[in-house]
Amino acid sequence: MSSIFIKNASSIVTCDNEDRVLNSSNLLIENGVITYIGNEEKKADDIINASGYFMYPGLINTHHHLFQIFTRNLPQVQNMELFEWLTNLYEIWKNLNNEVVYYSSMTAMGELLKTGCTTCFDHHYLFPKNHSDSILDTQFAAASDLGIRMYASRGSMDLSKKDGGLPPDSVVQSLDDILKDCQRVVEKYHDPSKYSMRMVALAPCAPFNVTVELLKQSAILARDLKVRLHTHLCETKDEEVFVKEKFNMRPLEYMESLGWVGNDVWYAHGIHFNEKELKFLADTQTGVAHCPISNMKLSSGVCRIPEMIELGVPVGLAVDGSASNDGSSLLEEMRVCYLLHRFNSSNKAPSAYDILKMATNGGAKILGRDDIGSLEVGKAADLFMIDMRKLEMVGANFDPKSLFGTIGWKNTVDYTIVNGKIVVKNGIIQTIDENNIYNIANETENKYLLNK
């Protein structure tokens with residue numbers, strides 16, 4: 001049994017139900033689980049002196065598209081909104097292969113780890129015909145090599161451009177092929193046990209690139225397999241117009257008609273819900289992954305987070321795909337989220353600590369997990385620490401709970417621990433050779449973009 005004793009942490013921000021902040025305290029990890037928090041000395045295999053450090057629960061990313069990291073910062077799409085942006089990028093993404101998937105996953109999840117994220121949910125929905133069989137396997141391999149807690153999705157699209165959707169024919173699949181692979185991936189990788197490192201959700205992409213039947217059958221299959229459901233919804237006004245014109249319903253009404261509401265469902269974005277729909281989300285405990293940077297970059301709108309929190313809608317934080325965010329840092333996402341809602345809602349905006357809780361136990365809730373998201377005895381040992389003894393942090397230690405919103409953290413974290421294992425130390429990933437992965441990933445990206 002491995003153990004780590006972290007002693008003398010200047011502040012431990014627990015994000016528990018009592019919102020405790022423990023000063024000059026110790027934390028013991030045994031076999032991947034937090035077994036003690038307090039002032040006593042404990043024996044352990046490894047000891048970390050955390051004097052001067054702030055400690056936080058590992059951040060939980062509730063919506064990403066890892067494969068998109070290789071198409072970030074492209075000048076030709078920087079001023080586009082969602083539908084035009086997607087149509088242009090599909091012409092690159094259709095050349096996706098397993099090598100690109102592996103190294104884009106290593107790059108994006110590596111950045112997440114270096115910025116305090118310990119659980120990554122990825123929404124992968126694009127399966128080119130020649131490389132569709134092993135993409136999810138490749139993602140899980142990358143997560144295992146890095147040591148991050150992975151919650152993947154078997155996404156899907158079956159409505160191509162010729163049938164009224166947005167994607168090209170080469171990246172959509174038949175209903176039968178999709179459902180068959182959904183079952184395979186769930187049976188192979190989904191582990192619902194406590195402290196699981198691998199879980200799977202079913203996640204058709206969005207109403208404008210999937211058919212009615214795919215949404216219906218995915219909901220039926222997910223409940224049969226006892227896994228969760230995820231999709232994009234109410235991200236843009238264009239989507240709302242598309243659904244109204246095609247189905248004579250608002251997007252949420254449409255999804256409800258297909259069985260897509262409940263505490264096993266969460267949507268990415270959720271910007272354009274009306275007041276009645278927000279109450280319905282709260283009543284049904286249907287969740288929302290908030291992606292503020294992506295929403296700002298694509299001019300999609302501002303999610304009604306203050307109302308959601310007041311009503312009790314389950315909300316998590318997310319970085320979204322790196323082509324619409326251009327980064328994979330939940331630390332940056334928290335800072336932007338705080339400022340966006342302060343600007344938009346003034347004193348009705350969530351506090352900086354509200355946003356930290358959204359990024360920790362809020363994310364755990366919409367992923368259906370009660371074993372991560374806070375620092376408590378019996379929870380998984382997922383955490384990160386930052387050394388506050390830096391010039392740029394002078395005067396920043398008065399409120400550890402609010403730090404990431406009010407001041408922000410511009411550096412990598414000093415430690416990230418996942419499942420009781422040190423995966424980042426002094427800002428460097430310990431499980432891989434970062435320089436080697438950088439070189440291969442950079443070469444892989446260049447080949448991929450040249451072949452578009």
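For the structure given in this document, a descriptive report is provided here. Source: prediction; values computed, not measured. (Residues numbered from 1 in each chain as written. Predicted model: local features only at pLDDT ≥ 70, side-chain atom pairs only at ≥ 80, totals over all residues. Heavy atoms only, no water.)

Some details on the pairing of strand E7 (residues 117–124)
- Counting buried residues along E7, eight of its eight residues qualify, which places the element largely inside the surrounding structure.
- Bridging between strand E6 (residues 59–61) and E7 involves three bridges; their strand directions are parallel. Bridge pairing in E7 links Asn61 to Cys120. (Buried < 20%, exposed > 50% of the residue type's maximum accessible area, 1.4 Å probe, protein only. Helix = DSSP H or I, 4+ residues; strand = E, 2+ residues; numbered from the N terminus. Pairing = 2+ DSSP bridges.)

Regarding the side chain of Arg250
- Within the secondary structure, Arg250 is located in the loop between helix H6 (237–247) and helix H7 (251–257).
- Reaching out from Arg250, the side chain makes a polar contact with the backbone oxygen of His272 at a distance of 3.1 Å.
- Side-chain polar atoms of Arg250 contact the side chain of Glu277, separated by 2.7 Å.
- Those residues in contact with Arg250 that lie beyond four places of it in its chain are Glu240, Val243, Lys244, His272, Phe273, Asn274 and Glu277. (Polar contact = N/O pair within 3.5 Å; in protein donor to acceptor, adjacent residues only side chain to side chain. Contact = heavy atoms within 4.5 Å.)

Comments concerning the nonpolar core
- Residues Trp85, Trp93, Met109, Tyr267, Phe273, Ile386 and Phe404 are the most contacted members of the largest nonpolar core, which totals 125 residues.
- No other element matches helix H2 (residues 98–114), which puts nine residues into this core.
- Sequence-distant contacts of Ile386, that is, excluding residues within four places in its chain, are made with Gly52, Tyr53, Phe54, Tyr56, Leu403, Phe404, Trp409, Val413 and Asp414.
- Core analysis: the next-biggest nonpolar cluster, separate from the first, contains 19 residues, Ile6, Ile34, Tyr53 and Leu375 among them. (Core = buried A, V, L, I, M, F, W, Y, C linked by side-chain atoms within 4.5 Å.)

Things to note about the state of the cysteines
- Taken as a whole, this structure holds zero disulfides when the rule is applied.
- For Cys234, which is in no disulfide, the shortest distance to another cysteine sulfur is to Cys303 and amounts to 9.6 Å. (Disulfide = S-S within 2.5 Å.)

So, the packing of helix H4 (residues 175–189) against helix H5 (residues 212–225)
- Here H4 crosses H5 at 20 degrees, and the two axes come no closer than 11 Å. If you check the angle between H4 and H5, you find them roughly parallel. At the point where H4 passes H5, the crossing takes the right-handed sense. Across the interface between the two elements, Leu175, Ile178, Leu179, Cys182, Gln183 and Val186 of H4 pack against Glu213, Leu214, Gln217, Ser218, Leu221 and Leu225 of H5. (Axes fitted to C-alpha atoms, helices over the stretch in contact; angles between N-to-C directions. Parallel < 35°, antiparallel > 145°, perpendicular 65-115°, else oblique. Left-handed = near helix turned anticlockwise from the far one by under 90°.)

Some words on the environment of Leu74
- Relative to the helices and strands, Leu74 is located in the loop between E6 and helix H1 (82–93).
- Distance in space between the C-alpha atoms of Leu74 and Pro204 is 26 Å, their sequence separation being 130 residues.
- Setting aside residues no more than four positions away along its own chain, Leu74 makes contact with Leu89, Ile92 and Leu449.

Some points on the pattern of salt bridges
- With the rule as written, the count across this model stands at 25 salt bridges.
- The shortest N-O distance in the salt bridge between Arg20 and Asp16 comes to 2.5 Å.
- Overall, Asp16 belongs to the buried group, its relative accessible area being 4%.
- Note that Arg149 is salt-bridged to Asp382, the shortest N-O span being 2.8 Å. Placement of the pair is Arg149 in strand E8 (residues 149–156) and Asp382 in the loop between helix H13 (352–366) and strand E14 (383–387), with a sequence separation of 233 residues.
- Overall, Arg149 belongs to the buried group, its relative accessible area being 0%.
- Classification of Asp382 by relative accessible area gives buried; the value is 4%.
- Connected through shared salt-bridge partners, Asp137, Arg154, Asp181, Arg184 and Lys188 make up one network. (Salt bridge = Lys/Arg side-chain N within 4 Å of Asp/Glu carboxyl O.)

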